[in-house]
Structure formats: C-alpha cells, structure tokens
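One-letter residues, chain by chain:
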Amino acid sequence: MSSCETPYTLLGFLLSKGDIDGHDTCFAGSHLLKSYAVRQVNALLWISLIVVTGLLVQRIARLLRFWCQGSRLPGPPCPSFYGHTREIYKGQNPNQFDDLTEFLSKSHEQYGPVVRLWMGPTQLLVSVNDPELIKEMLHRAVDKLPLTGKAFRMAFGRSSLFASAFEKVRNGRKSLAKQLDEKLVDTAYAIPAKVVDSIMENIDSFISEGVHDCRSVSQQMSFSILGATLFGDAFLVWAKARMYEELLMTIAKDACFWASYKIPPFWKKSFWRYQRLCKRLKQLTQDILLESKHQAGVMNPTEKCSDNVASNINVFDSFDSTSRPENAFTGSEDHAGLMEESYANIMGVMFHGCLATAGLIGSVLARLVMHPEVQEKIHAEINRVGVESSLPDAHEVQKMHFLLATVYESARLLPAGPLLQRCSLKHDLKLRRNITLPAGAILAVPVQLVQMDDSSWGSDAHKFNPDRFLSGKDSGAIVHEDSGECKDAEGKSFVLNDPNANAAFLPFGSGARACVGQRFAILGIATLVACLVRRYEIRLAPGAVKDPKPAMNDCVLQLLPSPKITFISRDE
C-alpha cells in the first residue's frame, strides 16, 4: 500500500468505496480530508479502548483485592457463585431477616465475634457481635449503604440528613440535634398538651369501638407526636393527616424495590404511578407547611403563642436551608433546589421518626398488657411522684425511674430492626485484634443477638425485666445524667442506670450515625405512657389471652405479635 492510500480499516474501506482511480487522485483535497478524518477517528477509538481497558483492569484489581481481604476474615466456606444467599434464604420465606439472624447466630458460635458471608461475587457482609468491636466499628464506619441513600432519594428527593456519605450529612445532623435539645430545654413538656389531648380523644373513641390492634394504635400515636413536633398544632386538625400517613408509608415501603434497578425502569407504568405518588406526597408536605406557618403568622402579636406553635417553627428551621445560608446543608445556590432538599429532610424525619417511635410505643404497650404487674408498678410510681396536672412535665417524668427502665427494656427486647448496617465507602477499617474490614463491605450488627447476649445482660437476657436498668444507690453502676435518687413502695433507694454505658445497648445505634433524637424520643414516649397508664388500664382483649409470647429459638428472639388491646378507664 502506497503512502497516499487510505489505511486498510473498515472505516477506511467505507470512505474509499466508490473511488474510480484512487492512485491518480491521491493528492486531491477530498481524499486528503478523508484520510485525515480516518486517522483521527482511529486515534480516538484507540484512546477510548485504552481508557476503557484501564478502567476495567483497575476495577478487576480492586475486586481481586476485595476478594483477598474478605477471604482473610473467618466465616463459612462459600458454597457457590451466588455466595451464601441460597443457603440462608431456603425457599421464599417472607421472614428473611429471621433466617439471616438465625444463620448469623450459628456462624458466630462457630467462627467467633467476626463472621464474613459472601452474598454474591461482589457483595461481602461482615457481621460483628462483640460489643467492644461494635463500638469501635460504629464510631469509624460512618457511611450508610449506597442502596439506602438511593432508596431515600427515590422516595423523598435529595437530602442533607439521610445521604450515604457521612460528610454530606454532618452539618445537617448537628443542626437537628441542636434544635431537638433546645426544644427540650425551652419547653417544660416533652410532648405538647394538645397532642396528648388529641390522643386521649382518639382512645375514648377506641373504647366505644371496642378492640384495636396494638400496632395500628401505636402508629397513629407516633404520627400525631411527630406531626405536631414538626408542623405544630395545625397538624392535629389537618383533614389530610390520615392520607399523608398512608401515602408516606406506602412510598417508603416501595422505595427499595425501585432503587434496586441500576437504571430507572422508565418503561414500566407502575414506576410512573410511583413517581406520581411521590409528587403527591411532596405537595401535601408543602400544604401542611404553609398551613403551619399561616397559623403561626395570623396569631395576634400580643397573644402568647402556645409552646408547640413556637417550638415547631424552630424545629423547621433546622431543615430549612434557605433561611440559614451560613448553615446551609449543601453548596447549591439554587433557592428551589434548597427548598426541595428541605421537603426531603422533613419527609425523611417523619418516616424514620414514626417508624422508630411507633415500634417502641407498640413494644411498651405489648409488654404492659402481658405483664400487668409492671403496669401497676408504673401507676403506683406516677402517684408517688405526685403529678398534679393532667400532663407530667419533663422534670416529673425523669423522676419516674421504673417507667423509664420499662421503656429501655422494651427497646432492648424489640429493636427497630434486626440488623444495624454501616459501611466505609472509601477506606479500609483496621480494628483491634488485627482485624481489617475492606472498604465497600456491608458491616452489620445483629442487634437482636447482641441485645440478648447472656454475657452482656445476664442469664435472664431473654426475659422482660425492667429492673436490670435500676440499681441500688451505692452499687457503683454508671448513673443516668438526669437521674436522681428515688425510693420504691418499700422505701428502698435506687437510681436509674445509663443504658448507653452498656456497649450492647443499640436500639438507637451508636457512634457518629446514632439517632440524634434518642433523648427526645425516650422522654416523649415515657410521657405518653405515663398519661395513658394514669388514665387507663390497658388490657388484652377478650379471647386474645392465648396470643403467643416471645420465645427463644436457637438464641433468636421471635418478635412479639401485635396483640389486640382494650383501654379501660380507671375512673370506672
């Protein structure tokens, strides 16, 4: 081939096809242009091929390193290309987390405090059940799983409180924690009086209607508390509150399914229906915010605002990035984008807060009906503290040590979820005992196993015993910072232990990603339970006495069913 001929490539062949006498016109301008274009395109293709090959080699090298680091951790041998997934989930079991927890229990007994499981060729799960290692891991592994962040964005939009990378949520979490702490300091009550009155009115209607499911009652109570905390008294009389609750739970439930697609399934009609539900939820959030601000704005300036109306404005400020540029959660200067972020923060707090508090309220109510003696001790303690008003304030609640111990014990036996999951997106974690956890691995804490471990909680770890959080005055136990000395009915002095002093107490998480509303939730739920027990006797519904109680099966707690309960007025 002469120097002026087009290179023998597919592109060169196509460009040169149709030339009658290429040798006679090799120096023609059009032929030179074709030759130049061919060489430039070939060069671009070669560069692209080299770049793609380099990226693939880099990805394969990281994957080999990941496999090598994972294989050094103790754990059962990988049975197949799909890892341990098929071995754990035998058949289509709806209670898959129960299967996983049981599998982890047996694996930890055989391989020690750190166990690795391959959930696929590129997915590694590392389970840790030693409290000291858990504490170290949760303080250093500050990121959440990418799928979690993707699911949240799918449901609620971009957020500065619930992103996977911790650096993106650090400032937002600090701001929210500060606002919640200030709310407890500025107001005398953990939950507003109007919220309690609204809940009591609902319970009075429950009494006339008869039996109710404990789980649904707990969710309604939780939603009223969270809604009034964020939106003020306007939420309690909002006609669309029930619709908002159902829509929020439906969207959050389906978020993980749609987030599991690597590419959004635009071709599915159900996906677009889900998107319309998300837009509807956002519109309802805007409506209740406007209603809340309108109620706060139309009040007579000389009229004193209720504690709830005044405080909910401050709580909203922690979400509203547009009102505090010096504390903005993102670097975006787009006002509309910041407002979208604020709505996502509010919807996220509503969902996560309602899910956690509803579970804990339901657990406390279930324990009270199954242990009537505990309920009577709480009632006697309320009378002993001497609450004068219909709503005990935060200072009075902090004196009810047995009540708070009951809330802690209910949280211990029924955590918000079976697994506490974290990851380190960029860096390997080197823990004590020469343990290295590779970046990108799913770091899981089997909360149910840890919170019922005999070595941390005693031989009765699987039993409901609020007294484990109480101790004698001179016992040397670490005392709760708000705890003072109290006396029981027999005149014996006791104090409330700090539950977080035990590294195995994890219902609210631990470390940098721990729940920022733990103190707010505990005091609020304790206040609600005090009001309920003071006014009502909570019983199992007739015919529901035979409902199964929680049982131990291979060291795995079978969760409480949702019992049917009734409220009996103590005045009657």
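Given the structure is predicted, the values throughout are model-derived calculations rather than measurements. All residue numbers refer to positions counted from 1 along the written sequence of the respective chain. At least 70 in pLDDT is required for a residue's local features to be given in this predicted model, at least 80 for side-chain atom pairs to be given and counted, and no such filter applies to totals for whole chains, interfaces and linings, which use all residues. Side-chain measures here rest on the full set of heavy atoms in the structure, leaving out hydrogens and waters.

A few points about the overall build of the chain
As a reminder, the rule being used: Only DSSP runs of H or I with at least four residues qualify as helices, and only runs of E with at least two residues qualify as strands; both kinds are numbered from the N terminus onward. Exposed residues in this analysis have more than 50% of their type's maximum accessible area, buried residues have under 20%, and partly exposed residues fall in between, with area computed by a 1.4 Å probe over protein chains only. Throughout, a residue-residue contact means that at least one pair of heavy atoms, one from each residue, lies within 4.5 Å. The Shrake-Rupley method, run with a 1.4 Å probe sphere, supplies the accessible areas, and residue values consider only the shown protein chains as cover.
Counting secondary structure elements, the chain contains 19 helices and 14 strands. Evaluated residue by residue, the chain yields a buried proportion of 48% over its 572 residues. Expressed as a percentage of contacts within the chain between residues at least 6 apart in sequence, the contacts between residues at least 24 apart total 72%. Working note: accessible area of the chain is about 29,000 Å², and carbon and sulfur atoms make up 56% of it.

A closer look at the pattern of salt bridges
Spelled out, the test is: Any Lys or Arg side-chain nitrogen located within 4 Å of an Asp or Glu carboxyl oxygen qualifies as a salt bridge.
Per the counting criterion, the structure on display carries 17 salt bridges. Notably, a salt bridge pairs Lys194 with Asp233, separated by 3.5 Å at the nearest N-O pair. Of this pair, Lys194 sits in helix α8 (residues 193-209) while Asp233 sits in the loop between α9 (214-231) and α10 (241-259); the two residues are 39 residues apart in sequence, bridging distant segments of the chain. A relative accessible area of 47% places Lys194 in the partly exposed class. One network of salt bridges, with partners in common, ties together Glu409, Arg412, Asp460 and Arg468.

Points about the packing of aromatic side chains
Put simply, the rule reads: Note on aromatic pairs: the rings of Phe, Tyr and Trp (six-membered ring only in Trp) are paired at centre separations within 6.5 Å, and the planes decide the class, stacked below 30 degrees, edge-to-face beyond 60, tilted for the rest.
Applying the stated rule across the entire model yields 22 aromatic pairs. Considering the side-chain rings of Phe66 and Trp118, the 5.9 Å spacing of their centres and the 80° angle between planes classify their relative orientation as edge-to-face. Separated by 52 residues along the polypeptide, Phe66 in helix α2 (residues 29-71) and Trp118 in strand β1 (residues 114-120) bring together distant segments of the chain. Assessed through its relative accessible area of 9%, Phe66 is described here as buried. On the accessibility criterion, Trp118 (9% relative accessible area) is buried.

Overview of the sheet that holds strand β2 (residues 123-128)
The condition is simple: Any two strands between which DSSP finds at least two bridges are classified as paired. Every axis in this analysis is a line fitted to C-alpha atoms, fitted for helices over the stretch in contact. Angles between the N-to-C directions lie between 0 and 180 degrees.
Ordered by their spatial adjacency, four strands build an open sheet running β1-β2-β7-β4, and the pairing between neighbours is mixed. In this open sheet, the two strands that pair with only one neighbour each are β1 and β4 (419-422). On average, adjacent strands in this sheet sit at an angle of 25° to one another, irrespective of strand direction.

Regarding the nonpolar core
For the record, the criterion: By convention a nonpolar core is built from buried Ala, Val, Leu, Ile, Met, Phe, Trp, Tyr and Cys residues, the set being connected through side-chain atoms within 4.5 Å.
One finds Val126, Met137, Met221, Leu437 and Leu532 to be the most contacted residues of the largest nonpolar core, which totals 83 residues. Once you skip the residues sitting within four places of it in the chain, Met137 turns out to touch Val128, Leu431, Leu437, Leu443 and Val445. Counting residues in hydrophobic clusters, the runner-up holds 42 residues, among them Phe156, Leu230, Met347 and Met350.

What to know about the packing of helix α14 (residues 372-385) against helix α16 (residues 401-413)
The test is simple: Residue type decides the class: Asp, Glu, Lys and Arg count as charged, Ala, Val, Leu, Ile, Met, Phe, Trp, Tyr, Cys and Pro as nonpolar, and the leftover types, Gly among them, as polar.
Put simply, α14 and α16 touch, their axes get as near as 8 Å, and they point 145° apart. Contacts from Val374, Lys377, Ile378 and Glu381 in α14 reach His401, Phe402, Leu403 and Thr406 in α16. Broken down by class, the residue content of the contact of α14 with α16 amounts to four nonpolar, two polar and two charged.

A closer look at helix α6 (residues 146-156)
Residues of α6 that are buried: Gly149, Ala151, Phe152, Met154, Ala155 and Phe156. Two residues or fewer after α6 comes Gly157, characterised by a positive phi angle close to 105°.

Comments concerning α16
Note the threshold: Here a helix's expected span is defined as the number of its residues, less one, multiplied by 1.5 Å.
Taking 1.5 Å as the rise per residue, α16 with 13 residues should run 18 Å; its terminal C-alpha atoms sit 18 Å apart, in good agreement. Most of α16 is tucked away: 13 of the 13 residues are buried.

Remarks on the sheet that holds strand β11 (residues 536-540)
Backbone-to-backbone hydrogen bonds join strands into a sheet, with any given pair of strands oriented parallel or antiparallel. Sheet architecture is open: three strands sit in the order β3-β14-β11, paired in antiparallel fashion. Edge positions in the sheet fall to β3 (212-213) and β11, since each has one partner strand and no second. Where β11 and strand β14 (residues 564-569) come together, five bridges link them in antiparallel fashion. From the neighbouring strand, Leu540 faces β14, where its bridge partner is Ile565.

Examining the confidence of the model for the chain
Basically, it comes down to this: Each residue gets a pLDDT score, which is the predictor's confidence in that residue and runs from 0 to 100.
Mean pLDDT over the chain: 78, with 76% of residues reaching 70 or higher. Low pLDDT (under 50) marks residues 299-314, which in the prediction has 24 contacts with non-local residues, meaning those over four places away or in another chain. Here residues 321-333 is a poorly scored stretch, pLDDT under 50, and it has 28 contacts once near neighbours within four places are set aside; other chains count.

Describing the pairing of β2
With five of six residues buried, β2 lies mostly within the body of the structure. Bridge count between β1 and β2: six bridges; the pairing is antiparallel. Looking across to β2, one finds that Leu117 is bridged to Leu125. Hairpin geometry of β1 and β2 is characterised by an intervening segment of two residues between the two adjacent antiparallel strands. Judged from the three bridges that link them, β2 and strand β7 (residues 442-446) form a sheet pairing that is parallel. Bridge pairing in β7 places Leu125 opposite Ile442.

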